[in-house]
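# Examining the three-dimensional arrangement
As a plain string of letters, each chain reads:
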Amino acid sequence: GAGVSQSPSNKVTEKGKDVELRCDPISGHTALYWYRQSLGQGLEFLIYFQGNSAPDKSGLPSDRFSAERTGGSVSTLTIQRTQQEDSAVYLCASSFRQGVYEQYFGPGTRLTVT
Amino acid sequence: DQQVKQNSPSLSVQEGRISILNCDYTNSMFDYFLWYKKYPAEGPTFLISISSIKDKNEDGRFTVFLNKSAKHLSLHIVPSQPGDSAVYFCAAIRGAQKLVFGQGTRLTINP
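A brief look at the structure comes next.

## Regarding the sheet that holds strand 1 (residues 4-5) of chain B
Residues and elements named next belong to chain B. Overall, antiparallel pairing links the five strands, which are arranged 1-3-8-7-6 in an open sheet. Edge positions in the sheet fall to strand 1 and strand 6 (56-59), since each has one partner strand and no second. The pairing of strand 1 with strand 3 (residues 19-25) spans two bridges and is classified as antiparallel. Each bridged residue has a counterpart across the sheet, and for Val4 the counterpart in strand 3 is Tyr25.

Below is the structure:
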């Protein structure tokens, strides 16, 4: 079946604009994660959704970042009033259920804030 | 607070030889460790994992070793092949919490 898909693959935006990044997880996967990878850095956890439970937002760097997951499937990560330090690759991952450690990643969205 | 560290940003190995990638962690409560492989412009792909109750897990050319007393794990690839050239991330998890990733090591296999 299809893997995790993300759109757009690349996004260039001006400082101060809002952006929305989309993730389509693998069908049937109940857990969904957002990470970002800044240049030369590892993967930084942002937010985690598990079924109908309240999301774990502990990794969101500021209140300009938010995410939602509609119908337990597609997720959108929104960054308001983008800053240059938001430039990174944003990666989405899904797993079958909570407690299953192997996560399947999408190709990422490369965000460049000019 | 970097709980998972990969101190070598890059590693170069000759084709056919053994590649050893290292990872250190600080949180003794981690109970599961994973290695991911990432090619440019692609998301990371799961490679191999190990539970904290084991000290070795082998899958084909890939073996992960865990030394809990030293809080150290390593990934051995033997024999190394050109297609193994990628960035390798070590990750750790405790219970149902989120994965914590290291910074990655770029492995280059030379012909």
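## Some thoughts on the packing of aromatic side chains
Any aromatic ring pair is given by two values, namely how distant the centres are and how the planes are angled relative to each other. Within the structure shown, the criterion is met by 13 aromatic pairs over all chains. Between Tyr35 of chain A and Phe101 of chain B, the aromatic rings sit 5.4 Å apart at their centres with planes inclined by 90 degrees, giving edge-to-face as the arrangement. Of this pair, Tyr35 of chain A sits in strand 4 (residues 31-37) while Phe101 of chain B is found in strand 10 (residues 100-101), placing the two residues in two different chains. No difference in accessibility class separates Tyr35 of chain A from Phe101 of chain B, as the two residues are buried. Aromatic pair Phe89 of chain B and Phe101 of chain B: ring centres 6.4 Å apart, planes at 85 degrees, arrangement edge-to-face. Of this pair, Phe89 of chain B sits in strand 9 (residues 86-93) while Phe101 of chain B is found in strand 10, placing the two residues twelve residues apart along the sequence.

## Focus on a nonpolar patch on the surface
Where nonpolar side chains cluster on the molecular surface, the patch consists of Ile18, Ile20 and Val78 of chain B and spans about 230 Å² of accessible area. Counting through the fold element by element, Val78 of chain B comes out in the loop between strand 8 (72-77) and strand 9.

## Observations regarding the interface of chain A and chain B
Interface extent is often summarised as the accessible area lost during association of the parts. The interface of chain A with chain B comprises 17 residues on the first partner and 20 residues on the second. For chain A, the biggest contributors to the area lost against chain B are Leu43, Tyr101 and Glu102 of chain A; these three give 39% of the whole. At the boundary of chain A and chain B, one finds zero salt bridges. Our enumeration of links across chain A and chain B arrives at two residue pairs in polar contact (both at pLDDT 80 or more). Among the elements of the structure, strand 4 and strand 5 (43-50) of chain A are those that each provide at least two residues to the side of chain A that touches chain B. Sort the elements by how many residues they give to the side of chain A that touches chain B and strand 5 of chain A lands first, with three residues.

The rules behind the values
- Residues numbered from 1 in each chain as written.
- Chains lettered and ligands numbered in written order.
- Predicted model: local features only at pLDDT ≥ 70, side-chain atom pairs only at ≥ 80, totals over all residues.
- Heavy atoms only, no water.
- Pairing = 2+ DSSP bridges.
- Helix = DSSP H or I, 4+ residues; strand = E, 2+ residues; numbered from the N terminus.
- Phe/Tyr/Trp six-rings, centres within 6.5 Å; stacked < 30°, edge-to-face > 60°.
- Buried < 20%, exposed > 50% of the residue type's maximum accessible area, 1.4 Å probe, protein only.
- Patch = residues over 30% accessible without salt bridge, like charges linked within 9 Å, V, L, I, M, F, W, Y side chains within 5 Å.
- Areas by Shrake-Rupley, 256 points an atom, 1.4 Å probe, with all protein chains shown as cover.
- Salt bridge = Lys/Arg side-chain N within 4 Å of Asp/Glu carboxyl O.
- Contact = heavy atoms within 4.5 Å.
- Buried area = accessible area lost by both parts, 1.4 Å probe.
- Polar contact = N/O pair within 3.5 Å; in protein donor to acceptor, adjacent residues only side chain to side chain.

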